[in-house]
Amino acid sequence: GAGVSQTPSNKVTEKGKYVELRCDPISGHTALYWYRQSLGQGPEFLIYFQGTGAADDSGLPNDRFFAVRPEGSVSTLKIQRTERGDSAVYLCASSPGGGAYEQYFGPGTRLTVT
Amino acid sequence: KQEVTQIPAALSVPEGENLVLNCSFTDSAIYNLQWFRQDPGKGLTSLLLIQSSQREQTSGRLNASLDKSSGRSTLYIAASQPGDSATYLCAVTGTASKLTFGTGTRLQVTL
């Protein structure tokens, strides 16, 4: 079946603009995760959804970052007033549930803030 | 707070050599450990998943071991090939369900 998909694959925006990044998880997966990977680093956790609710948002760096998953499937990561430091690859993963289930990753969205 | 360390940061070996990548983590309360491969500019490819109750997993030329009590894992690659060149990432799933990643080992296999 289809894997995790993310759109767009690349996004270039100007400092101060608003962006939305989309993640389509594997069908039936109740858990969805967002991670951010800066150049030369491992991915860092941002937020975890179980169904429609955010079970853990402790990784969101500040209140400019927000994510939703209104119907328990597709998720959107929203970044307001973008800064150059937000430039990174944003990765989405899904799994059949939380805990010990394997997480399956999408190809990522490369965000560049100029 | 969980911390994951990978050694070495970079490694260059001639084709055909066997090699070992190391991963250590500070909190042994984990559900599982995963090894990923990442090619430049690409996403993550899962290689092996070891549940906390397991000691090792094998897939083809890859073998991963887990010693949860000492907070260590190794990824063994047999008979390395140029196509194995990539960054290898280790990650653990803690009780909060999120993955904590190391910074990776950049592997170059030369002809």
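Residues numbered from 1 in each chain as written. Chains lettered and ligands numbered in written order. Predicted model: local features only at pLDDT ≥ 70, side-chain atom pairs only at ≥ 80, totals over all residues. Heavy atoms only, no water.

1. A word on the sheet that holds strand β1 (residues 5-7) of chain A
Residue and element names in this part refer to chain A. Our working rule: What makes two strands pair is DSSP finding at least two bridges between them. Secondary structure follows DSSP: runs of H or I at least 4 residues long count as helices, runs of E at least 2 residues long count as strands, and numbering of each begins at the N terminus. Geometry is summarised by axes, namely lines fitted to C-alpha atoms with helices restricted to the contacting stretch, and by angles between N-to-C directions that run from 0 to 180 degrees.
Pairing in this open sheet of 4 strands is antiparallel, and the strands run β1-β3-β8-β7 from one edge to the other. Unpaired on one side and paired on the other, β1 and β7 (65-68) mark the two borders of the sheet. Neighbouring strand axes in the sheet, compared pairwise and without regard to direction, differ in orientation by 15° on average.

2. Focus: the pairing of strand β7 (residues 62-67) of chain B
Consecutive side chains along a regular strand alternate between the two faces of the sheet. All names here are of chain B. The sheet contact formed by strand β6 (residues 56-59) and β7 spans 4 bridges and is antiparallel. Each residue of the ladder has a partner; that of Ser59, found in β7, is Leu62. Connecting β6 to the antiparallel partner β7 that follows it, the hairpin turn spans 2 residues, and Gly60 within it adopts a positive phi of roughly 60°. With 6 bridges connecting them, β7 and strand β8 (residues 72-77) associate as antiparallel partners. What sits directly across from Ala64, in β8, is Leu75. Between β7 and β8, which pair antiparallel in sequence order, lie 4 residues; one of them, Gly71, sits at a positive phi of approximately 70°.

3. Considerations on the interface of chain B and chain A
A common measure of how large an interface is: the accessible area buried when the components associate. Test applied: Contacts are assigned to residue pairs with any non-hydrogen atoms lying within 4.5 Å of each other. The quantity reported as buried area is the accessible area (1.4 Å probe) lost by two parts once they are put together, taken as the sum for both. What counts as a salt bridge is simple: a side-chain nitrogen of Lys or Arg found within 4 Å of a carboxyl oxygen of Asp or Glu.
Contacts between the two partners involve 20 residues from chain B and, on the opposite side, 22 residues from chain A. Roughly 1500 Å² of surface becomes buried between chain B and chain A when both sides are summed, with 54% attributable to carbon and sulfur atoms. Per-residue buried area on chain B facing chain A is highest for Leu44, Ser97 and Lys98 of chain B; these three make up 30% of the total on that side. Inspection of the region where chain B meets chain A yields 0 salt bridges.

4. Section: the sheet that holds strand β3 (residues 19-25) of chain B
Residue and element names in this part refer to chain B. If you trace the 5 strands from one edge of the open sheet to the other, you get β1-β3-β8-β7-β6, paired in antiparallel fashion. Sheet topology places β1 (4-7) and β6 at the edges, where each strand pairs with a single neighbour. The sheet shows a mean angle of 15° between the axes of neighbouring strands, direction not considered.

5. Quick look at the state of the cysteines
A covalent bond bridging the sulfur atoms of two cysteines is what the word disulfide describes. Counted only if it meets this: Note on terminology: pairs of cysteine sulfur atoms within 2.5 Å are recorded as disulfides. Think of it in three bands: with a 1.4 Å probe and only protein chains considered, a residue is buried below 20% of the maximum accessible area for its type, exposed above 50%, and partly exposed in between.
Counted according to the given criterion, the structure contains 2 disulfides over all chains. At a sulfur-sulfur separation of 1.8 Å, the disulfide partner of Cys23 of chain A is Cys92 of chain A. Between Cys23 of chain A and Cys92 of chain A, the S-S dihedral sits near -65°, and the bridge is therefore left-handed. Separated by 69 residues along the polypeptide, Cys23 of chain A in strand β3 (residues 19-24) and Cys92 of chain A in strand β9 (residues 88-95) bring together distant segments of the chain. Look at Cys92 of chain A and you get buried, because its relative accessible area is 0%. There is a disulfide in this structure between Cys23 of chain B and Cys90 of chain B, and the S-S distance comes to 1.9 Å. Of note, the bridge from Cys23 of chain B to Cys90 of chain B carries an S-S torsion of about -55° and is left-handed in sense.

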